[in-house]
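Listed below, chain by chain, are the residues.
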Amino acid sequence: MKKNLIAGAWTGAADATSNSNPSDLSDVIGDYADASVQDVADAVSAAHAAFASWARTSPEYRSDILDRASAEILARKEELGRLLSREEGKTLAEGIGEVTRAGRIFRYFAGEALRITGERLDSVRDGIDVEILREPEGVIGVVTPWNFPIAIPAWKIAPALAYGNTVVFKPAELVPACAWELADILNRAGLPAGVLNLVMGRGAVVGEAIVRSPLVRAISFTGSVRTGRQIRLACMENGKKMQMEMGGKNPLIICSDADLDTAVSVAINGSYFSTGQRCTASSRIIVEAGVHDRFVERMIAQLADLRIDHALDPATDIGPVVSETQFEQDIDYIRIGQSEGANLAFGGKALERKTKGYFLEPALFTDTNNGMRINWEEIFGPVASVIRAGDYEEAVSIANDTAFGLSSGICTTSLSKMNDFKHRSAAGMVMVNTPTAGVDYHVPFGGRKSSSHGPREQGAHARDFYTSLKTVYVTS
Ligand code: UN1
């Protein structure tokens, strides 16, 4: 059994969860300890006790630890990428890419630890100096989803530690292996006991206990809208700072002047890569009437060429869906789309492969309208819809007509449409001739409306969540 990390010690548990490979259900990765409510209380106490001295360590001390972790993650990217693909089901290339991203995130925040600044101003009153200091918040609860088993933990834990906070980390139940490796790497990189605690297990037990604990100052959460809403209410009740990244229903506009090769490759990548299991996925492809039929024809031809198979097979383009529950949810939405009158123009069928796994043909709906449930609710799988728009103006209004606002995209060769959409899109991130998913780590990540709540993640702006401002007045 792989154990939890509490107060610097690997700690077992009465129960464990078995972690299996969605590409091959007979491949069991291992058993991972289920933390109890008492384990969470111990982890939070340890993080709380470790905070005072960790917060006072020098930036260089923290930077060196993050740098060592980064070096090990990057040196082991093939092995960890393989483990990631085995437990989550994204392809090996995507798995290695994600591990590389995690390593670079630690390297970036090793640098940011050295750049913590404050400000000094003259007071409006004579003889007084004012200083604005940035200080760590305290114990941060980090609650992460299954679709990025190492990159999302990295982009929450790295800034938390860089700015001097301590962490209680609860990874998604489906992907404990990468989380365990990350905790092990950071622990061996030199973190003092209690600075990072790993508590694996179910959200209803472990997540709930973290969110309710009075010693946890702030929660950084990425996951479903439903869980996000519960956590948001609990944070409000308990007076915690929060950063929530939830769903998306991201629009991709294909203009009649778009380069068709670019548009089709941007749509396929954004909608189906990582098996469509990204909150930044393009799920509503809004196509101007003038190019609609040609675009759909090209999409179908390219979808037919994609290979859906075992994630570790180098010839695979799209791996399996992560779990039976997700698989059934995807199939349900495909049925819902058909019953709403959408035309299933491609795919949507369960596939049999040499190994038993959750293989699903990527599905493309056409003849849909924006009011349908398939265009309103996040599906989180390899399912996308085409919505026909009479012209560019109609396309923009459909794009913004959603409860979400994470990412949006446009494929066009028109400078004026590009500029116009950049300003009018109601999303937190806008991509031009680039997939709506797949982001840089040194710039802010986050959305608007139901997609996000609280300060942005990643890049230097991450400091707004992981630090607290203090204003000091000095009469000398
Ligand atoms: C990306 O598109 O590169 O859970 C990142 C998610 C997002 C991360 C997407 N928070 O899918």
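Residues numbered from 1 in each chain as written. Predicted model: local features only at pLDDT ≥ 70, side-chain atom pairs only at ≥ 80, totals over all residues. Heavy atoms only, no water.

## Description of helix H3 (residues 77-88)
Its 12 residues give H3 an end-to-end C-alpha distance of 16 Å, which sits within 8% of 16 Å, the value for a rise of 1.5 Å per residue. Among the residues of H3, Leu 80, Gly 81, Leu 83, Leu 84, Ser 85, Glu 87 and Glu 88 are the ones counted as buried. Summarising the contacts, the buried residues of H3 are in contact with strand S3 (16-21), strand S4 (24-33), helix H2 (59-75), helix H4 (92-112) and helix H6 (176-188). Gly 89, located one to two residues past H3, shows a positive phi value of around 100°. (Helix = DSSP H or I, 4+ residues; strand = E, 2+ residues; numbered from the N terminus. Expected span 1.5 Å × (residues − 1). Buried < 20%, exposed > 50% of the residue type's maximum accessible area, 1.4 Å probe, protein only. Contact = heavy atoms within 4.5 Å.)

## Looking at the domain arrangement of the protein
For interface size, the figure often reported is the accessible area lost on association. Under the domain assignment, the protein is made up of domain 1 (4-246 + 451-475) and domain 2 (250-432). Its C-alpha centre places domain 1 at a distance of 31 Å from the equivalent point of domain 2. Where domain 1 abuts domain 2, roughly 2,100 Å² becomes buried across the two surfaces, and 61% of that area is made up of carbon and sulfur atoms. Summed over the three residues of domain 1 that lose the most area to domain 2, namely Ser 23, Trp 146 and Ser 451, the buried surface amounts to 25% of that side. (Domains from an automatic or database assignment. Buried area = accessible area lost by both parts, 1.4 Å probe.)

## Some points on the pattern of salt bridges
A full pass over the atoms with the stated rule returns 28 salt bridges. For Arg 388, the salt bridge goes to Asp 293, with nearest N and O atoms at 3.8 Å. Here Arg 388 is found in strand S16 (residues 383-389), whereas its partner Asp 293 is found in helix H10 (residues 289-305), with 95 residues between them in sequence. Residue class for Asp 293 comes out exposed when judged on its relative accessible area of 51%. (Salt bridge = Lys/Arg side-chain N within 4 Å of Asp/Glu carboxyl O.)

## Brief notes about the site of the ligand
Around the ligand, the structure places 13 residues, and the nearest of them are Arg 101, Asn 147, Cys 279, Thr 280 and Gly 438. One of the side-chain N or O atoms of Arg 101 is found 2.8 Å from an oxygen atom in the ligand. Gly 438 is positioned with one of its backbone polar atoms (N or O) 2.8 Å from an oxygen atom of the ligand. Relative to its free-state accessible area of 320 Å², the ligand is covered by the protein chains to the extent of 99%. A class-by-class count of the residues in the shell around the ligand yields 7 nonpolar, 4 polar and 2 charged. (Near = heavy atom within 4 Å. Polar contact = N/O pair within 3.5 Å; in protein donor to acceptor, adjacent residues only side chain to side chain. Areas by Shrake-Rupley, 256 points an atom, 1.4 Å probe, with all protein chains shown as cover. Nonpolar A, V, L, I, M, F, W, Y, C, P; charged D, E, K, R; others polar.)

## Regarding the packing of aromatic side chains
The full count for this structure, using the stated rule, is 9 aromatic pairs. The interplanar angle of 40° and the centroid separation of 6.5 Å between the aromatic rings of Phe 148 and Trp 155 together place this pair among those described as tilted. With respect to burial, Phe 148 and Trp 155 carry one shared label: buried. Summarising the aromatic geometry, the rings of Phe 327 and Tyr 358 are spaced 6.2 Å apart at their centres and angled 40° between planes, so their arrangement reads as tilted. (Phe/Tyr/Trp six-rings, centres within 6.5 Å; stacked < 30°, edge-to-face > 60°.)

## Observations concerning unusual backbone geometry
Even without being a glycine, Ala 7 presents a positive backbone phi close to 55°. With relative accessibility at 40%, the residue Ala 7 sits in the partly exposed group.

## Some details on the packing of H2 against H4
Where H2 meets H4, the axes come as close as 8 Å, and the angle between the chain directions of the two elements is 160°. Judged by the inter-axis angle, H2 sits roughly antiparallel to H4. In this structure, H2 crosses over H4, and the sense of that crossing is left-handed. Seen from H2, the contacting residues are Ser 63, Leu 66, Asp 67, Ser 70, Ile 73 and Leu 74; seen from H4, they are Val 99, Thr 100, Ala 102, Gly 103, Arg 104, Phe 106, Arg 107, Phe 109, Ala 110 and Gly 111. A breakdown of the residues in the contact of H2 with H4 according to their chemical character gives 8 nonpolar, 5 polar and 3 charged. (Axes fitted to C-alpha atoms, helices over the stretch in contact; angles between N-to-C directions. Parallel < 35°, antiparallel > 145°, perpendicular 65-115°, else oblique. Left-handed = near helix turned anticlockwise from the far one by under 90°.)

## A closer look at the sheet that holds strand S20 (residues 467-475)
On the basis of which strands lie adjacent, the open sheet formed by 3 strands has the order S5-S6-S20 and antiparallel pairing. Lying at the two open borders of the sheet, with one neighbouring strand each, are strand S5 (119-122) and S20. Between one strand axis and the next, the sheet turns through 20° on average, direction left out of account. Here 9 bridges tie strand S6 (residues 128-136) to S20, and the two strands are oriented antiparallel to one another. Bridging from a neighbouring strand, Leu 133 pairs with Lys 470 of S20. (Pairing = 2+ DSSP bridges.)

## What about the sheet that holds strand S14 (residues 343-346)?
Think of a sheet as strands paired side by side through backbone hydrogen bonds, with each pair either parallel or antiparallel. One open sheet holds the 7 strands; their spatial order is S14-S15-S16-S13-S12-S17-S18, and the pairing between them is mixed. Two strands bound the open sheet, and with one partner strand each, they are S14 and strand S18 (429-432). Averaged over all adjacent pairs, the angle separating strand axes in this sheet is 25°, with direction ignored. Across 4 bridges, strand S17 (residues 407-411) lies against S18 in parallel orientation. Opposite Gly 409, over in S18, you have Met 431 as the bridge partner.

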